[in-house]
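Geometric and topological summary
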Amino acid sequence: MGKSRLIQYYTDLQTSFTQYFKKAQERQGVEDIHQLRVYVKKLRTMWTLLEWVSHDDFSKKEHFALVSELFADAGVVREAQLNLAMISKYNSAHGPSYTKYIAKIQRQAEGKLLEEMEAFDFKRLRTLDNALMMKINGLSDKTVLKESGTLMLREMDKVNRLVDELHHNQKLHKVRTHLKKVTEMAVIMNLLDTRAVEEEWQSRIRSLGQRIGKWHDYAVLVASLKNFTEQRHRKKDPRRLKEFIRHIEHHKQAKQKKIHDLLDRYVTQSHIQVILSQN
């Protein structure tokens, strides 16, 4: 029973990935690109989990290699889309010239992504998945729950180590990556046993990851604006543009401080509520 739920969940992930792949290929919409990347992340977590659970009987390497360029190219398009959306909220004299600059980057990124999508090897993905299904078909709920709990704890240990470095090295994005893995692992575990991960804790971790995502949007915009400044104003003193960038950075820093406070409350000073199946 447990193995069929795990396989069905994996099949559902692949179906959603394929659907958003086709939508993104047809129209390159903001939500299509976003969801395409979301499902690649979910699949990556599943592959990582299955490699761990199988004790390396299955290797995630080939699956990861197949989607890596697609994920990276979609990420460039996604960043351009977010930058355009965010800059539109500000009444800045530099808005039109920056918008033109980012729109050009977006067009180039979309062209590269479409080339990658045309070359994407779905036949190879199906071959890899068929071999994977054979390997995970015999996994029991108990095995998956136990090994998933161990891997989740390891991911949270990585978060704890990064938290100690945040004020010096700005590693919030890495924290977000690990928290996304933890959140997806919790979904899988609760699929197999509804008691596996406490919902309140899971909700806090999900919310924290979303906050870091908002912070990351500001960080990406600041980096893009600075790059724009260097490319377009090298022989000038773009004082007003620099003041605008400082304004954006202020918002970013305010979000970062709140995130630090929440990390202290929900990560470094609390335990994961994981209850493994005893059956």
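The model shown is predicted, which means the values in this text are computed figures rather than measured ones.

A few points about the packing of helix α3 (residues 61-87) against helix α4 (residues 95-119)
α4 packs onto α3 with a crossing angle of 155 degrees between their chain directions and a minimal axis gap of 9 Å. Taken together, the axes of α3 and α4 are roughly antiparallel relative to one another. Considering the relative orientation of α3 and α4, their crossing is left-handed. Contacts from Glu 69, Leu 70, Asp 73, Ala 74, Val 76, Val 77, Ala 80, Gln 81, Asn 83, Leu 84 and Ile 87 of α3 reach α4 at Tyr 98, Thr 99, Ile 102, Ala 103, Gln 106, Ala 109, Glu 110, Lys 112, Leu 113, Glu 116 and Met 117. Partitioning the contact of α3 with α4 into residue classes produces 13 nonpolar, four polar and five charged.

Describing α3
With 27 residues, α3 ought to run about 39 Å at 1.5 Å a step, and its terminal C-alpha atoms sit 38 Å apart, in line with that. The largest bend along α3 reaches roughly 40 degrees and is located at Val 67.

Here we look at the pattern of salt bridges
Pairing of side chains with opposite charge becomes possible as their charged atoms draw close. The tally for this structure, following the rule as stated, stands at eleven salt bridges. Note that Lys 257 is salt-bridged to Asp 261, the shortest N-O span being 3.6 Å. Highlighted residues: Lys 257 and Asp 261, both in helix α10 (residues 239-266), separated by four residues, approximately one helical turn.

Quick word on the packing of aromatic side chains
Scanning the entire structure with this criterion turns up twelve aromatic pairs. Taken together, a centroid distance of 4.9 Å and an interplanar angle of 80 degrees make the contact between Phe 21 and Phe 122 edge-to-face. Taken together, the residues Phe 21 in helix α1 (residues 2-27) and Phe 122 in helix α5 (residues 122-136) connect sequence positions 101 residues apart. Centroid distance Phe 120 to Phe 122: 4.8 Å. Interplanar angle 70 degrees. Geometry classified as edge-to-face. Judged by its relative accessible area of 22%, Phe 122 falls in the partly exposed class. Three or more aromatic residues link up through ring pairs in this structure, and these residues are Phe 17, Phe 21, Phe 120 and Phe 122. Stacked on the ring of Phe 71, the Lys or Arg Arg 37 has its end atom at 4.1 Å from the ring centre.

Quick notes on the confidence of the model for the chain
Confidence along the chain averages 86 in pLDDT terms, with 89% of residues attaining 70 or more. The low-confidence segment residues 273-279 (pLDDT under 50) makes 19 contacts with residues lying over four places distant or belonging to another chain.

Examining unusual backbone geometry
One non-glycine residue, Gln 28, lies in positive phi territory at about 55 degrees. Its location among the elements puts Gln 28 in the loop between α1 and α2 (30-53).

What about the layout of surface pockets?
To find leftover empty space, a probe the size of one water molecule is rolled over the atoms. Counted as a void, the largest pocket has a volume near 1,100 Å³. Lining the largest pocket are 34 residues, and of these His 34, Val 38, Lys 41, Arg 176 and Lys 180 lie nearest its centre. Of all the elements in the fold, those that place two or more residues in the lining of the largest pocket are α2, α3, α8 (172-192) and α9 (199-232). Looking at which element gives the most residues to the lining of the largest pocket, the answer is α8, with nine residues. As a volume, the second largest pocket reaches approximately 180 Å³. For the second largest pocket, the full set of lining residues is Leu 82, Ala 85, Met 86, Lys 89, Tyr 90, Lys 214, Asp 217, Tyr 218 and Lys 255. Only α3 and α9 provide two or more residues apiece to the lining of the second largest pocket.

How each quantity is defined
- Residues numbered from 1 in each chain as written.
- Predicted model: local features only at pLDDT ≥ 70, side-chain atom pairs only at ≥ 80, totals over all residues.
- Heavy atoms only, no water.
- Axes fitted to C-alpha atoms, helices over the stretch in contact; angles between N-to-C directions.
- Helix = DSSP H or I, 4+ residues; strand = E, 2+ residues; numbered from the N terminus.
- Parallel < 35°, antiparallel > 145°, perpendicular 65-115°, else oblique.
- Left-handed = near helix turned anticlockwise from the far one by under 90°.
- Contact = heavy atoms within 4.5 Å.
- Nonpolar A, V, L, I, M, F, W, Y, C, P; charged D, E, K, R; others polar.
- Expected span 1.5 Å × (residues − 1).
- Bend = angle between axes of the 7 residues up to and from the residue.
- Salt bridge = Lys/Arg side-chain N within 4 Å of Asp/Glu carboxyl O.
- Phe/Tyr/Trp six-rings, centres within 6.5 Å; stacked < 30°, edge-to-face > 60°.
- Buried < 20%, exposed > 50% of the residue type's maximum accessible area, 1.4 Å probe, protein only.
- Lys NZ or Arg CZ within 6 Å of the ring centre and 35° of its normal.
- pLDDT = per-residue confidence, 0-100.
- 1 Å grid on protein atoms, 1.4 Å probe; cavity = no way out; pocket = protein on both sides within 12 Å on 5 of 7 lines; lining within 4 Å.
- Points joined across faces, edges and corners; volume = space filled by probe spheres on them.

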